[in-house]
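Descriptive analysis of the structure
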Amino acid sequence: MSIFDLINPFSYITPIHADSAEEDASSSATAVVVASDPVEEKEEVEVVEVEEENDAEEEEEEEEQEEEEEEEEDPEDPSPAIREACGESLACKSLKHHLDECAARVEEGSKESCAEEFLHFLHCVDQCAVPKIFSTLK
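The model shown is predicted, which means the values in this text are computed figures rather than measured ones.

**With respect to the packing of aromatic side chains**
- Counted under the stated rule, the structure contains zero aromatic pairs.
- Sitting over the ring of Phe121, Lys96 keeps its end group 5.6 Å from the ring centre.

Here it is in structure tokens:
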């Protein structure tokens, strides 16, 4: 006896076949009659085959949808190119120069942080790039 037999709420019902149902009719336990009809078994097999065909058709449809989604390419994001161009523009060139000088000092062993120079440079790049990026949006 397994643990599942103890948990099963229908354990008092014992399945029997139709042939032995007459013999056990006098017993006090409740019995479930299981009929074995070959016609029903064939119908079940046919239903399974139809379900398999439907599954195959659904899989083909899903694959076609995935292929269509792959074919639809996302438009390229213009913001990295615009930001790069703004970083090299005359408006941000002096801030880039200060950032590069600070980075060189840090590489030589200075204990300073270039956070301020970096934030000023990014602010300049954002001020230049944002209007251009939004003008390219649909």
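Picking up after the structure, the text goes on.
**Remarks on the pattern of salt bridges**
- This structure, assessed with the given rule, holds three salt bridges.
- Notably, a salt bridge pairs Arg83 with Asp126, separated by 2.5 Å at the nearest N-O pair. Here Arg83, found in helix α3 (residues 79-87), pairs with Asp126, found in helix α5 (residues 115-136); they are 43 residues apart in sequence, far enough to count as distant.
- By relative accessible area, which is 30% here, Asp126 ends up partly exposed.

**Observations concerning the nonpolar core**
- Grouped together as the largest cluster of nonpolar side chains are 12 residues: Ile82, Cys86, Cys92, Leu99, Cys102, Cys114, Phe121, Cys124, Val125, Cys128, Ala129 and Ile133.
- Where this core is concerned, the elements lending two or more residues are α3, α4 (90-108) and α5.
- Top contributing element to this core by residue count: α5, with six residues.
- The residues touching Ile82, leaving out its near neighbours within four places in the chain, are Ala129, Lys132, Ile133 and Thr136.

**Thoughts on the state of the cysteines**
- Counted by the stated rule, this structure contains three disulfides.
- Note that Cys86 is cross-linked by a disulfide to Cys128, the S-S spacing being 2.2 Å. Taking the torsion about the S-S bond as the criterion, the Cys86 to Cys128 disulfide, at about -70°, is left-handed. On the criterion of sequence distance, the pair formed by Cys86 in helix α3 and Cys128 in helix α5 is long-range, its members being 42 residues apart. Each of the two residues, Cys86 as well as Cys128, counts as buried.
- A disulfide bridge connects Cys92 with Cys124, and the sulfur atoms are separated by 2.0 Å. Its S-S torsion of about -95° marks the bond between Cys92 and Cys124 as left-handed, since a negative value means left-handed. Residue Cys92 is located in helix α4, and its partner Cys124 is located in helix α5; the two are separated by 32 residues in the primary sequence.
- Looking at Cys92, the relative accessible area reads 0%, which means it is buried.

**Focus on α5**
- Helix length check: α5, at 22 residues, gives a terminal C-alpha distance of 31 Å against a target of 32 Å (1.5 Å per residue), a fit within 8%.
- Looking at the buried side of α5, the elements it contacts are α3 and α4.

**Considerations on the environment of Phe121**
- Note on placement: Phe121 falls in helix α5.
- Excluding its chain neighbours within four sequence positions, the residues that come into contact with Phe121 are Gly87, Cys92, Leu95, Lys96 and Leu99.

**A word on a negative patch on the surface**
- Together, Asp55, Glu57, Glu58, Glu59, Glu60, Glu61, Glu62, Glu63, Glu64, Glu66, Glu67 and Glu68 line one region of the surface with negative charge.
- As for its placement among the helices and strands, Glu68 is situated in helix α2 (residues 38-71).

Conventions we followed
- Residues numbered from 1 in each chain as written.
- Predicted model: local features only at pLDDT ≥ 70, side-chain atom pairs only at ≥ 80, totals over all residues.
- Heavy atoms only, no water.
- Phe/Tyr/Trp six-rings, centres within 6.5 Å; stacked < 30°, edge-to-face > 60°.
- Lys NZ or Arg CZ within 6 Å of the ring centre and 35° of its normal.
- Salt bridge = Lys/Arg side-chain N within 4 Å of Asp/Glu carboxyl O.
- Helix = DSSP H or I, 4+ residues; strand = E, 2+ residues; numbered from the N terminus.
- Buried < 20%, exposed > 50% of the residue type's maximum accessible area, 1.4 Å probe, protein only.
- Core = buried A, V, L, I, M, F, W, Y, C linked by side-chain atoms within 4.5 Å.
- Contact = heavy atoms within 4.5 Å.
- Disulfide = S-S within 2.5 Å.
- Expected span 1.5 Å × (residues − 1).
- Patch = residues over 30% accessible without salt bridge, like charges linked within 9 Å, V, L, I, M, F, W, Y side chains within 5 Å.
- Areas by Shrake-Rupley, 256 points an atom, 1.4 Å probe, with all protein chains shown as cover.
- Lys, Arg positive; Asp, Glu negative; His and termini not counted.
- Charge placed at Lys NZ, Arg CZ, Asp CG, Glu CD.

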